[in-house]
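Observations on chain architecture
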Amino acid sequence: MAELTLKLDAPAVDQLLRRAFPDASAQAFPRVLEVAPGRARLVRPYGPGLLRPGGVVSGPTLMSLADTAAYALVLAHRGEELMAVTSSLLMNFLRGAAPGDIHAEAVMLRLGRRMAVCDVRLWTESVERLAAQATVTYALPSS
């Protein structure tokens, strides 16, 4: 893959997401912790409303964070391209996610003119105990 260059740093991506989704609760919205060429790290603060029966983090919560992490990664590399849209999200649930802050690491697999493909890994306990993995594809608007 060609050398990836950042257009936005982590605070800029975080602020852009908050402006794009003003109705999202500040406490419940993921925070962009770090971006680097080809990578982004986010965390979604824990809240008891995230749990499903059985006491594990719900699948929709994990899917939402995977999508947000991929979107943040695309924004970091493309800039303020808010019309990038999810075209595919394939989710693999690996184990129940214990209650706690949910961490996501997104890695760019391909960044082209028309699409971006990202690998996203999610966990609550430790990166060695992944709860889920997703492959997320974003359709990019024509420049």
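One structure accompanies this document, and this report is about it. Worth saying up front: this structure is predicted, and the values here are computed from it rather than measured. (Residues numbered from 1 in each chain as written. Predicted model: local features only at pLDDT ≥ 70, side-chain atom pairs only at ≥ 80, totals over all residues. Heavy atoms only, no water.)

Once that is clear, we can look at helix H2 (residues 59–78). Along its 20 residues, H2 runs 28 Å from first to last C-alpha, staying within 8% of the 28 Å computed at 1.5 Å per residue. Most of H2 is tucked away: 16 of the 20 residues are buried. The positive-phi residue at the C-terminal boundary of H2 is Gly-79, with phi of around 85°. (Helix = DSSP H or I, 4+ residues; strand = E, 2+ residues; numbered from the N terminus. Expected span 1.5 Å × (residues − 1). Buried < 20%, exposed > 50% of the residue type's maximum accessible area, 1.4 Å probe, protein only.)

Judged by pairing direction, the sheet is antiparallel, and its 6 strands sit side by side in the order E1-E2-E6-E7-E8-E5 without closing on themselves. The strands lining the two open edges of the sheet, one partner per strand, are strand E1 (31–36) and strand E5 (85–93). Averaged over neighbouring strand pairs, the angle between their axes works out to 20° when direction is ignored. Bridge count for E1 against strand E2 (residues 39–44) is 5 bridges, and the pairing is antiparallel. (Pairing = 2+ DSSP bridges. Axes fitted to C-alpha atoms, helices over the stretch in contact; angles between N-to-C directions.)

Take the environment of Leu-109 next. Within the secondary structure, Leu-109 is located in strand E6 (residues 102–111). Leu-109 sits in the partly exposed class, given a relative accessible area of 46%. C-alpha separation for the pair Leu-109 and Ala-69, spaced 40 residues apart in sequence, amounts to 14 Å.

Summed over all chains, the structure comprises 3 aromatic pairs. Arranged with centres 6.2 Å apart and planes meeting at 35°, the rings of Phe-21 and Phe-29 form a pair that is tilted. Its relative accessible area of 10% is what places Phe-29 among the buried residues. With a centroid separation of 6.4 Å and an interplanar angle of 75°, the aromatic rings of Phe-21 and Tyr-71 are classed as edge-to-face. Here Phe-21 is found in the loop between helix H1 (10–20) and E1, whereas its partner Tyr-71 is found in helix H2, with 50 residues between them in sequence. Residue Phe-21 is classed as partly exposed on the basis of its relative accessible area of 39%. Of the residues examined, Tyr-71 reaches a relative accessible area of 6% and is grouped as buried. (Phe/Tyr/Trp six-rings, centres within 6.5 Å; stacked < 30°, edge-to-face > 60°.)

The values are spatial; any link to function lies outside them.
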